[in-house]
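Fold and geometry: a report
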Amino acid sequence: QAKAQGKNQFVIHTSDLSDEMISESVLEIELRNALENDEFVLHYQPQIHTVSKELIGFEALIRWQHPRLGMLEPGRFIRLAEENGLITQIGEWVINEACLQNKKWQHAGMTPVKISVNLSTQQFLTRNLISYVEEVLDRTALNPKYLVVEITENMAMEYEYSIYVLKELKKLGIGISIDDFGTGYSSLNYLKNFPIDYIKIDKSFVSELMNDENDAIIVVATITLAHNLHKEVIAEGVETQEQLEFLKKHNCDIIQGYFFSKPLSACEIEKVYLLH
Ligand code: C2E
Ligand code: MG
Ligand code: MG
Ligand code: MG
């Protein structure tokens, strides 16, 4: 907040800036060095077949191991990274790290599973996304069927270009998910024209499933819609046995959530899935 002090004189009093503003700008500066300093890590949340309980894959979720503040969740820094454009580089790091890790697990003898990565809108609209994914697949020698990218409905705003990108990504052989389904700006039109493999029901619908009839109706309708369009459905944020039973009864294909497992470090994943 700038205050006028006499004619043409403006002084910014730091006491007027909230702690939050100061820490955001400090965080932004630190974010610029976080890649170089190797401070990002991926955690992995299991995705399970609803009926057989078979492991289908993991969603890779970024965390920032901040030197002073400890482990920061994406809610603390992804928006900042989007605002200052760092998100594209960070997103490339995520794709590379997820593919490397998946390949490592396969080498170590784990049953091959899919790894899903979240794409930001900016990253999705970056010209070299397709060639970057192709390069990582080549270099890591990961079979493309074990990579899935998660996009959101908001990316469908650039309609023609989005169809082009998705078709090119499909040509590489990877899978495509629509994340946070039903929470963004969109028309259902894209479901018809986009080459999508999975629809992820947002956790905001799942969390009130047993208490709010409207959420239950939306979830059931989404599953029916997805199946009629030959897509698989993943429910995220499944926390209780009741939610699981409901989703199973209504033929949801895959579940992800704290009920089964929180996101785990690579090391924890190995303890559960490799060394038993
Ligand atoms: P998302 O892609 O919808 O990921 C699901 C979020 O729900 C994750 O939060 C996950 O930890 C959380 N979650 C999973 N199961 C449960 C549950 O049972 N209950 C509750 N309450 N939460 C659950 P997280 O890791 O904090 O990530 C938040 C968002 O940040 C993600 O939402 C995604 O939009 C974004 N994000 C995460 N990693 C990346 C990344 O590498 N790149 C980009 N661009 N965005 C990312
Ligand atoms: Mg996601
Ligand atoms: Mg999601
Ligand atoms: Mg979500």
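Residues numbered from 1 in each chain as written. Chains lettered and ligands numbered in written order. Predicted model: local features only at pLDDT ≥ 70, side-chain atom pairs only at ≥ 80, totals over all residues. Heavy atoms only, no water.

**Some words on the site of ligand 1**
Here is the rule we go by: Throughout this document, a residue counts as near a molecule or strand when at least one of its heavy atoms sits within 4 Å of that molecule or strand. A 3.5 Å cut-off defines polar contacts: any pair of N or O atoms within that distance qualifies, except that in protein one atom must be a possible hydrogen donor and the other a possible acceptor, and neighbouring residues in sequence count only when both atoms are side-chain atoms. Here, Shrake-Rupley sampling with a 1.4 Å probe gives the accessible areas, and only protein chains in the shown set may cover a residue. Labels follow the DSSP assignment, with helices taken as runs of H or I lasting at least four residues and strands as runs of E lasting at least two, numbered in each case from the N terminus. Any residue that is not Ala, Val, Leu, Ile, Met, Phe, Trp, Tyr, Cys, Pro, Asp, Glu, Lys or Arg is counted as polar, Gly included; the first ten are nonpolar and the last four charged.
Near ligand 1 lie 22 residues; those nearest to it are Arg63, Asn118, Asp179, Glu239 and Tyr258. The separation between an oxygen atom of ligand 1 and a polar side-chain atom of Asp179 is 2.8 Å. Between ligand 1 and Lys203, the relevant distance is 3.0 Å, taken from an oxygen atom to a side-chain nitrogen or oxygen of the residue. Notes on ligand 1: free accessible area 800 Å², of which the protein chains cover 84%. For the shell around ligand 1, the secondary structure elements donating two or more residues are β4 (55-66) and β8 (175-181). Per-element tally for the shell around ligand 1: the top contributor is β4, with four residues. Its residues assigned to classes, the shell around ligand 1 shows eight nonpolar, five polar and nine charged.

**Focus on the coordination of the magnesium ion (ligand 3)**
Ideal coordination angles are 109.5 degrees for a metal with four donors arranged tetrahedrally and 90 or 180 degrees for a metal with six donors arranged octahedrally. For clarity, the threshold we go by: Note that water is not among the atoms considered, so a metal site may appear incomplete; the donors listed are N, O and S atoms within 2.8 Å of the metal, with 3.2 Å applied to Na, K and Ca. Accessibility here uses a 1.4 Å probe with only protein chains present; expressed as a share of the type maximum, an area under 20% marks a residue as buried, one over 50% as exposed, and anything in between as partly exposed.
In the first shell of the magnesium ion (ligand 3), the protein supplies Asp179 (OD), Asp180 (OD) and Glu236 (OE), at 1.9 to 2.8 Å from the metal. Read in sequence order, the donor residues for the magnesium ion (ligand 3) give the motif D-D-x55-E. A separation of 3.5 Å is found between the magnesium ion (ligand 3) and the magnesium ion (ligand 2), which share Asp179 as a coordinating residue. Separated by 56 residues along the polypeptide, Asp180 in strand β8 and Glu236 in the loop between β10 (232-235) and α10 (241-249) bring together distant segments of the chain. By relative accessible area, which is 10% here, Glu236 ends up buried.

**Quick word on the coordination of the magnesium ion (ligand 4)**
The coordination sphere of the magnesium ion (ligand 4), as far as protein atoms go, consists of Asp180 (OD), Asp202 (OD) and Glu236 (OE), spread over 2.2 to 2.7 Å. The metal-metal distance between the magnesium ion (ligand 4) and the magnesium ion (ligand 2) is 5.9 Å. Residue class for Asp180 comes out partly exposed when judged on its relative accessible area of 23%.

**Details of the packing of aromatic side chains**
Heads up, the condition is: Two aromatic rings, drawn from Phe, Tyr or Trp (for Trp, its six-membered ring), form a pair once their centres lie within 6.5 Å of each other, and the interplanar angle then sorts them: stacked below 30 degrees, edge-to-face above 60, tilted otherwise. The rule for a charge over a ring is simple: NZ of Lys or CZ of Arg within 6 Å of the ring centre, and within 35 degrees of the ring normal.
Inspection of the entire model under this criterion finds eleven aromatic pairs. The interplanar angle of 75° and the centroid separation of 5.5 Å between the aromatic rings of Phe58 and Tyr273 together place this pair among those described as edge-to-face. Placement of the pair is Phe58 in strand β4 and Tyr273 in helix α11 (residues 266-273), with a sequence separation of 215 residues. For Tyr273, a relative accessible area of 19% gives the class buried. The structure contains a cluster of three or more aromatic residues connected by ring pairs, namely Phe40, Trp64, Phe77 and Trp93. One cation-aromatic arrangement involves Lys262 over Tyr258; the distance from NZ or CZ to the ring centre is 4.6 Å.

Honestly, it's all geometry; don't read function into it.
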